[in-house]
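# Summary of structural features
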Protein chains: 4
Amino acid sequence: MMVVMKAGHTKEEFDGVMRRLEEVGLSGHPIEGAERTVIGVVGIVYPELGDDLETMPGVENTVRISSPYKLCSREFKPADTVVDINGTLIGAGTVTVIAGPCAIESEEQLMTTARAVKARGGSMLRGGAFKPRTSPYSFRGLEEQGLKLLAQAREETGLPVCTEVMSEATVEVVAKYADVLQIGTRNAQNFFLLEEVAITGKPVLLKRGMSSSVMDWLLAAEYILAKGNRNVILCERGIRTFETATRNTMDINAIPLVKELSHLPIVADPSHGTGKWHLVEPVSLGMVAAGADGLILEVHPSPEHALSDGAQSLTFESLGSLMEHTATIAHAIGKRMEREAAQVTA
Amino acid sequence: MMVVMKAGHTKEEFDGVMRRLEEVGLSGHPIEGAERTVIGVVGIVYPELGDDLETMPGVENTVRISSPYKLCSREFKPADTVVDINGTLIGAGTVTVIAGPCAIESEEQLMTTARAVKARGGSMLRGGAFKPRTSPYSFRGLEEQGLKLLAQAREETGLPVCTEVMSEATVEVVAKYADVLQIGTRNAQNFFLLEEVAITGKPVLLKRGMSSSVMDWLLAAEYILAKGNRNVILCERGIRTFETATRNTMDINAIPLVKELSHLPIVADPSHGTGKWHLVEPVSLGMVAAGADGLILEVHPSPEHALSDGAQSLTFESLGSLMEHTATIAHAIGKRMEREAAQVTA
Amino acid sequence: MMVVMKAGHTKEEFDGVMRRLEEVGLSGHPIEGAERTVIGVVGIVYPELGDDLETMPGVENTVRISSPYKLCSREFKPADTVVDINGTLIGAGTVTVIAGPCAIESEEQLMTTARAVKARGGSMLRGGAFKPRTSPYSFRGLEEQGLKLLAQAREETGLPVCTEVMSEATVEVVAKYADVLQIGTRNAQNFFLLEEVAITGKPVLLKRGMSSSVMDWLLAAEYILAKGNRNVILCERGIRTFETATRNTMDINAIPLVKELSHLPIVADPSHGTGKWHLVEPVSLGMVAAGADGLILEVHPSPEHALSDGAQSLTFESLGSLMEHTATIAHAIGKRMEREAAQVTA
Amino acid sequence: MMVVMKAGHTKEEFDGVMRRLEEVGLSGHPIEGAERTVIGVVGIVYPELGDDLETMPGVENTVRISSPYKLCSREFKPADTVVDINGTLIGAGTVTVIAGPCAIESEEQLMTTARAVKARGGSMLRGGAFKPRTSPYSFRGLEEQGLKLLAQAREETGLPVCTEVMSEATVEVVAKYADVLQIGTRNAQNFFLLEEVAITGKPVLLKRGMSSSVMDWLLAAEYILAKGNRNVILCERGIRTFETATRNTMDINAIPLVKELSHLPIVADPSHGTGKWHLVEPVSLGMVAAGADGLILEVHPSPEHALSDGAQSLTFESLGSLMEHTATIAHAIGKRMEREAAQVTA
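These figures come from a predicted structure and were not determined experimentally. (Residues numbered from 1 in each chain as written. Chains lettered and ligands numbered in written order. Predicted model: local features only at pLDDT ≥ 70, side-chain atom pairs only at ≥ 80, totals over all residues. Heavy atoms only, no water.)

### Side note on the overall build of chain A
Along chain A, the regular secondary structure elements total twelve helices and 15 strands. Overall, the C-alpha framework of chain A stretches about 75 × 45 × 40 Å when taken along its three principal axes. Looking at chain A residue by residue over its 346 residues, the buried ones come to 66%. For chain A, contacts bridging at least 24 residues in sequence account for 68% of all contacts bridging at least 6. As presented, chain A carries roughly 11000 Å² of accessible surface, and 51% of it is formed by carbon and sulfur atoms. For chain A, the separation between the mean place of its 33 positive charges and that of its 44 negative charges on side chains is 3 Å. (Helix = DSSP H or I, 4+ residues; strand = E, 2+ residues; numbered from the N terminus. Buried < 20%, exposed > 50% of the residue type's maximum accessible area, 1.4 Å probe, protein only. Contact = heavy atoms within 4.5 Å. Areas by Shrake-Rupley, 256 points an atom, 1.4 Å probe, with all protein chains shown as cover. Lys, Arg positive; Asp, Glu negative; His and termini not counted. Charge placed at Lys NZ, Arg CZ, Asp CG, Glu CD.)

Here you go:
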């Protein structure tokens, strides 16, 4: 950490900062610049130190040098993390597609969709049993009945299943049925929930908060890793900006940036990232070309009758087109589709 | 709701939309404009209808006409809601100041602060026992021990106490000690938690999500009201924007806008809204002048030794100055300080 | 346009709106909804009508139905516009790469770079002679001397040249030398400049304003088209958001969205969109995969000695890698590189 | 400036940075921290140095310590700047109200408004003769005819006049008639225009760019001061955020923050900052309470017939109410209204 002193600070103010650093077991190394004096702080800095120092007289501001996350950083673990979900891999140089309905509505809807996902090359099934809805008057999911249908779909298709956990009270029941626990954007900084999910030991798909910076997001992942669960899949799902022509702004920069900063795999969710089904395919191709380890997609047998997110759901036909074109892009950048990979090894 | 048809839509597409409206018990009223045909939809529209219709061929988009929240709207209840916390009022034409430390650190820290808040005219004590921290390595609060200290401070000073609930698991214990349950910005759309808190029947201070629009925020309040708890206090605490010179951007527009749209009282949190203690007083005065029903402030006996949010905490001295100037502004706009009001009635 | 009346409006207020519509030659068609009365407005609406009506008593708000841009809309001209710059095409199903230094610094720097761009398959040379700099104390370009160097580089390499116009006073001199006139992000809504540039008749590369919505951007293009200049190339260069880990947030959604709304070609600028040279290649691949008609890139013989934007400039070596991988992506989606296309037709 | 080296950098990389600093006449002072080596740079740093160094191998990033603006900083000039417009003061501990129509439409409209502004205590008249419009099809102003009307209104009322300059070509004609030249939000970083306006020597009212950070804004002011014109009035007019319920988000934090960082006076524009006339009064009161030196307001004899910005224009009646309440707030914080001040001195 660097402490920047105000122009015209007094000797007492300077000494006060040096003394405070000593009090907390750190050492200060002053540099007299042309316009400012800066004190370099050496030692293990605790997270609140900057805030504390900034309240002291004579201090203009402080600048953190090291990143506050550790376990999820590339420095801590240089090799890519590969998450293994009963043999389905994410982050192994493959493009892994997770697809399914936004909300599970009925046995027929889910089974038809699961078969379509399987047939078109998807690696995993998604579907919401507990749904976060902006309005309390919206459809909120089939709850445990939905989870049972997911398990039935896995039974039939062999696809692992991923579903959202929205509350601590339902972590146990969701973990009983699901292969991957998803944390949604509205719970991206619900730290208690992150820890409850972490200790189930199940892989976690952690969506980025709609106003989380990349640093906030990696710190949220750190909550899970700090509880001993290393199976975290990051998911870029768009951030909230001034642009209203699309539901969110998909942050393509985050894909290669996260790959630099962290060893964790990262997938993209163009359904939420765009909010419009006709933008989902081109944005999917873009995110894969930029290095995403996979995609998570909303698909519905009949989007115009969907109980939620119809406008951003693909039909089976458009899913088929997307899968075909995604495979072409994956090959162009030297990757394989995860299901192809499985077939080859099989 | 209005359905806007694409230029050049076919008769089949138009008929499809009209038929779909009939299916769900609504009626469609077409208007042929110069460039577009628009279908006015008459009847009670369910939240997902727009999404559904937007997936239909020939439909360009849909426009919602009525606001999706009901119980918290000014139309539903024209008169201002006054929240009564054992005699301390919020929203009664008064300025109610809630102050205290970001985190409760020790008996001495809390008691000293509580006395200072009381002495300087504060109406309520705040203090965090469970703290949401961006990093898992930060100080996370004294938990139940902190709640007991709050109760002790209430005992001594007579001030009601307000503290944050971060998880469903702790709603019960927090409700046992606190007079007002606070929902923090990171849980502003944690809908399960909103409902759990609602059913305690205790007043709820609902912070705006850092990326919540005013509509999202009122819909979050609607979750609480829909569970039968009408004692909701809204709290503007700044939103996340591109500006990094301050911690958040305080949305002063939201004060009179919320007053128009809703009957609920609204307070402002300039400590988080600015992140810098020296901006807290001028922004407090501004928010009160714009119509806020109160302020929630971070204050600490020794901000440079605070375990969290030191940089935005007031000293007792600066709290005193702020209270005095706030009272002047309150009087200028024809309001009284809540504690004055109490003294007069007493 | 739709006029939404307030709940509980009076008959006089309703009649006032109907009368006002008649005054301006429009007709109103009321629809009585469950909660609101809406008046559909038929006729050619002038841009300010909505604002006017919203000030009338009894009016809650108005909703515009038709898009306010015309000439740049896909409806007005369904076929893609191909911009032809002396035989170099943008928008013809090809990927056209424009590359060069941020600022022209010297003959040697520009010539070396121009040769490198040519050798690695670039289609056009870029380089700044007049530079917009956030600080008045930064290097601001070689001005006309820079333009002469650009012309010399075109002479030698045969590549057309693109450079920014920053002021009306220099439109003439820039148009004398340049093949494409670039409007930078800070002038994206400098409407006088847009018109001055338009009437030169030269192709215009119009960068998106850093806080322009897609609609604002298309309306800025409309200023150019309305002056009779149809040769507009849109350029997505990232928008300003809360994320500070990258210089801007590249809006990948805008690529397919603009393709839907408009017939104009669109290129991407990952140098400014990311601000970090090591993110430029993956983001370039992503933007091309999502449908961009080309890329505009900053490249420098020695980025660490660049007088501006060194941190986001590619070396010749990294440009070579990017071009090779971009070609692979272009082929995967059924496109060709513009220079390949030229070679094949040659 | 601080240069942060990557973990695991080589000695060669470190030596390279030290050598580069020497090359440009600076000295480097290394500090070995627990996780990172940081090099403190001593000497006068040029603006591009950080960018250059960040491209060097082994460098993680750089951190600027001194602010890049000088002439407009509080450090450079501790005392408040008071701008004197023929005896009308801005920044002299007074609240100065500038009011008038968005666009000048006719002699009658302007004269009526000017008289109303004068009668209700306004200090200056505003009115647009050249209008920036998002759409090329909107009304764009009376141009020089409008300027003549402004001069006529000044003649009659004695109020100085303020109007926007939109292009270099019209700086001369606008400066011939206007007392204060306004730079609009869309030209906030049109650096050529800033310099052209500066050299007229007339006071400049510089609106904040809708996506300008406070630092960007002060750097834009620096362009004017660097040309020798010290009469700059900053104007906060709202920034662009995700919130769409209001036209912009008024940044109240910017008022006290700018007061700390700079000696320049700052006024607020709640008409553009909110976009809704019924929010203008409460937000005006808030901005004044937070320390703004004045207000700039849109007022129209008949807002529902305004050719632009009707929805945010005050009637004469609502202006009267606002002026009265603003005066009460001004007095509460120990200020006077500028027109009162003038009357007292007269």
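### Examining the relation of the copies chain D and chain C
It takes a turn of 180° to lay chain D on chain C, together with a shift of 0.0 Å along the axis; the resulting RMSD is 0.0 Å. Interpreted geometrically, this transformation is the action of a two-fold axis. No C-alpha of chain D lies nearer the rotation axis than that of D:Ser211, which sits 2.9 Å from it. The residues that chain D uses at the interface reappear at the interface of chain C in 100% of cases, marking a shared surface. (Least-squares fit on C-alpha atoms with pLDDT ≥ 70 in both.)

### Topic: the relation of the copies chain B and chain D
Superposing chain B onto chain D takes a rotation of 180° combined with a translation of 0.0 Å along the rotation axis, leaving an RMSD of 0.0 Å. Here 100% of the interface residues in chain B have copies in chain D that are interface residues too; the copies meet face to matching face.

### Looking at the domain arrangement of chain A
What the domain assignment reports for chain A is domain 1 (2–63) and domain 2 (83–345). Its C-alpha centre places domain 1 of chain A at a distance of 45 Å from the equivalent point of domain 2 of chain A. (Domains from an automatic or database assignment.)

### Considerations on helix α8 (residues 254–261) of chain D
Among the eight residues in α8(D), six count as buried, and that is most of the element. Looking at the buried residues of α8(D), the elements they touch are α10 (277–289) of chain B together with α7 (214–225), β12 (232–236), β13 (266–268) and α10 (277–289) of chain D.

### Thoughts on the pairing of strand β10 (residues 180–183) of chain A
A regular strand carries its side chains on alternate faces of the sheet. Residues and elements named next belong to chain A. Residues Val180 and Gln182 line one face of β10 and the alternating positions Leu181 and Ile183 line the opposite face, and both faces are buried. Summarising the sheet, strand β9 (residues 161–164) and β10 pair through three bridges and their orientation is parallel. Pairing of glutamate 164 across the sheet is with glutamine 182, part of β10. Tracing the backbone out of β9, into helix α5 (residues 171–177) and back to the parallel element β10 gives a crossover that is right-handed. Note that β10 and strand β11 (residues 204–207) share three bridges and pair parallel. Residue pairing for β11: isoleucine 183 is matched across the bridge by leucine 206. Traced from β10 through helix α6 (residues 191–198) to β11, the parallel crossover comes out right-handed. (Pairing = 2+ DSSP bridges. Right-handed = clockwise from strand over helix to strand, strands pointing away.)

### Re the interface of chain B and chain D
Opposite the 37 residues of chain B that make contact, chain D presents 37 residues. Between chain B and chain D lies a buried interface of about 2700 Å² when both sides are counted; carbon and sulfur atoms form 72% of it. Linking chain B to chain D there are two salt bridges. With a shortest N-O distance of 2.7 Å, D:Arg208 and B:Glu243 are connected by a salt bridge. Our count for the chain B to chain D interface comes out at ten residue pairs in polar contact (both at pLDDT 80 or more). Of all the secondary-structure elements, those providing two or more residues to the side of chain B that touches chain D are α8 (254–261), α9 (270–274), α10 and α11 (316–332) of chain B. Top element by residues in the side of chain B that touches chain D is α10(B). It accounts for eight residues. In terms of residue class, the side of chain B that touches chain D is built from 19 nonpolar, 13 polar and five charged. (Buried area = accessible area lost by both parts, 1.4 Å probe. Salt bridge = Lys/Arg side-chain N within 4 Å of Asp/Glu carboxyl O. Polar contact = N/O pair within 3.5 Å; in protein donor to acceptor, adjacent residues only side chain to side chain. Nonpolar A, V, L, I, M, F, W, Y, C, P; charged D, E, K, R; others polar.)

### Observations concerning the interface of chain D and chain C
Of the residues lining the interface, 52 residues belong to chain D; the matching set on chain C comes to 52 residues. Regarding the contact of chain D and chain C, the summed buried area is about 4500 Å², with carbon and sulfur atoms giving 52% of it. Where chain D packs against chain C, one counts two salt bridges. Taking the shortest distance from any N to any O, the salt bridge between D:Arg240 and C:Asp216 comes out at 2.7 Å. Contributions of two or more residues to the side of chain D that touches chain C are made by α1 (11–23), α2 (49–54), α6 (191–198) and α7 of chain D. In terms of residues, the side of chain D that touches chain C owes the most to one element, α7(D), which gives four residues. Here the residues of the side of chain D that touches chain C sort into 21 nonpolar, 14 polar and 17 charged.

### Points about the pairing of strand β3 (residues 37–42) of chain B
Residues and elements named next belong to chain B. With six of six residues buried, β3 is to be regarded as a mostly interior element. The pairing of strand β2 (residues 27–32) with β3 spans six bridges and is classified as antiparallel. If you follow isoleucine 31 over to β3, its bridge partner there is valine 38. Here β2 folds back onto β3 in antiparallel fashion, the turn holding four residues.

### Observations concerning the pattern of salt bridges
This structure, assessed with the given rule, holds 61 salt bridges over all chains. Here D:Glu144 makes a salt bridge to D:Lys176, at a shortest N to O gap of 4.0 Å. In this pair, D:Glu144 is assigned in helix α4 (residues 144–157) and D:Lys176 in helix α5 (residues 171–177), connecting sequence segments 32 residues apart. For D:Lys176, a relative accessible area of 59% corresponds to the exposed category. The network of salt bridges with shared partners includes A:Arg208, A:Glu236, A:Asp251 and C:Glu243.

### Brief notes about the packing of aromatic side chains
Residue and element names in this part refer to chain C. In the structure shown here, the tally under the stated rule is eight aromatic pairs over all chains. Plain terms: the ring middles of phenylalanine 191 and tyrosine 223 are 4.4 Å apart, the flat faces sit at 10° to each other, and that makes the pair stacked. Of this pair, phenylalanine 191 sits in helix α6 (residues 191–198) while tyrosine 223 is found in helix α7 (residues 214–226), placing the two residues 32 residues apart along the sequence. Per residue, the accessibility class of phenylalanine 191 equals that of tyrosine 223, and both read buried. (Phe/Tyr/Trp six-rings, centres within 6.5 Å; stacked < 30°, edge-to-face > 60°.)

### Observations regarding the sheet that holds β3(B)
Residues and elements named next belong to chain B. Reading across from one edge, β2-β3-β1-β4 is the order of the four strands in this open sheet, with antiparallel pairing throughout. Edge positions in the sheet fall to β2 and β4 (59–63), since each has one partner strand and no second. Between one strand axis and the next, the sheet turns through 25° on average, direction left out of account. Contacting β1 (2–5), β2, β3 and β4, helix α1 (residues 11–23) crosses the sheet at an angle of about 10° to β3. (Axes fitted to C-alpha atoms, helices over the stretch in contact; angles between N-to-C directions.)

### Looking at the environment of B:Pro101
All names here are of chain B. For proline 101, the location among the structural elements is in the loop between β7 (94–100) and α3 (107–119). The buried category is assigned to proline 101, whose relative accessible area is 0%. Excluding its chain neighbours within four sequence positions, the residues that come into contact with proline 101 are Gln109, Leu110, Thr113, Arg126, Gly127, Gly128 and Val299.

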